[in-house]
Amino acid sequence: MPKQSNNANFPLLRGERLERVWLTVSYQPVSLFTLKRSDATSMAARSNLVPTPYTIKMALLKALLESQGKQYQDNFDTWIEREFTWIRDLQIYILPPEQLVVNRNGYKLRYFDQITDKADKSRTTRPMQDGFVFREWIHLQGELQICVGMNEDVSNKLQDNQQNKLQELTQLFAQINYFGKKGCFFQYLPNRTQTTNQPTFIPNPNDSFTIQPMDDFSSKTTFNRINPFSKDKAQLDKDRIIKPGFLPLKLRSTSARYDFYQRD
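Residues numbered from 1 in each chain as written. Predicted model: local features only at pLDDT ≥ 70, side-chain atom pairs only at ≥ 80, totals over all residues. Heavy atoms only, no water.

Visitor: Where do I start with the pattern of salt bridges in this structure?
Guide: Proximity of charged atoms lets side chains of opposite charge pair with each other. Following the criterion strictly, the structure yields 14 salt bridges and no others. A salt bridge links K165 to E168, with the shortest nitrogen-to-oxygen separation between them at 3.4 Å. Of this pair, K165 and E168 are both found in helix α5 (residues 162-175), 3 residues apart, which corresponds to roughly one turn of the helix. Residue R252 pairs with D264 through a salt bridge whose shortest N-O separation is 3.6 Å. Of this pair, R252 sits in strand β11 (residues 249-254) while D264 sits in the segment after β12 (258-263); the two residues are 12 residues apart in sequence, bridging distant segments of the chain. A residue is classified by how much of its surface remains accessible, and R252, at 44% relative accessible area, is partly exposed. (Salt bridge = Lys/Arg side-chain N within 4 Å of Asp/Glu carboxyl O. Helix = DSSP H or I, 4+ residues; strand = E, 2+ residues; numbered from the N terminus. Buried < 20%, exposed > 50% of the residue type's maximum accessible area, 1.4 Å probe, protein only.)

Visitor: I keep staring at the side chain of E136 and nothing clicks. Help me out?
Guide: With respect to the helices and strands, E136 occurs in strand β5 (residues 128-141). Within the local environment of E136, its side chain forms a polar contact with the backbone nitrogen of S47, the two atoms lying 3.1 Å apart. When neighbours within four sequence positions are excluded, E136 is seen to be in contact with F33, T34, A45, R46, S47, V102, N103 and R104. (Polar contact = N/O pair within 3.5 Å; in protein donor to acceptor, adjacent residues only side chain to side chain. Contact = heavy atoms within 4.5 Å.)

Visitor: Would you explain the nonpolar core in this entry?
Guide: A general feature of soluble globular proteins is that nonpolar side chains tend to end up buried together. Counting residues in each nonpolar core, the largest one holds 47 residues, and the members touching the most others are Y27, L60, L90, I146, F173 and F179. Among the elements that take part in this core, helix α1 (residues 53-68) stands out by supplying 7 residues, more than any other. Core analysis: the next-biggest nonpolar cluster, separate from the first, contains 5 residues, W22, Y93, C147 and F201 among them. (Core = buried A, V, L, I, M, F, W, Y, C linked by side-chain atoms within 4.5 Å.)

Visitor: Which parts of the structure should I look at to understand the pairing of β12?
Guide: Taken residue by residue, a regular strand's side chains alternate between the two faces of the sheet. Pairing of strand β4 (residues 99-112) with β12 involves 5 bridges; the strand directions are antiparallel. Paired with V101 across the two strands is F260, which belongs to β12. Pairing analysis gives 5 bridges linking β11 to β12, with the strands arranged antiparallel. Bridged to L249 within β12 is R263. The antiparallel pairing of β11 with β12 creates a hairpin that spans 3 residues between the two strands. (Pairing = 2+ DSSP bridges.)

Have a look at this one:
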């Protein structure tokens, strides 16, 4: 593991190239976790094992808007595009907890039938129907670690302001209390936060690993594309991209009702 940097506010000499700084934060899971995979259907929702970069960046944007958005009402569009750009371009590595247990559940429920509702606009009541659904809930034991760094182009553009952005990023992570579905709570651990000149961990396919689809922002997407209140619509593989992610997890045992993973 790289050595922790003890001098975060180092001076930048004239003509010197700014060194990239990586921020590693840790969270303690305090409830079951579930996050529907991007390729899941509404009736059979497999869950990701850990939060994806897309989910983490959306949580950062939520914390940013709730804490600072009111201060920029007069020039909101200019401000949010500037802030969204550097959050969008963050490079994120995720280290799962030491142990994970995936619990599979199937149950019946009544849900809103959108197809029937759209086909008959004259209906005065919303149609409901019964259905059997499949869901996965994950018990995480240990700490979830997230390593974040700005890409090289953003680092060079920000120059001295990189340290301010690093401090702002730390404050945003401290305000996040859940990832994935609402109610999947995580406790931020301030004493486990560290800054380094290299990532504290990176995926290594040579070790034992489990593949999980990782969705992320495209480098060309805009805030309006991911804003649910905007008329612009995000497109898969254009604004939201999905790539295979490698997690250092090994499947130790499995059955029809659960999977048990352990980190190597």
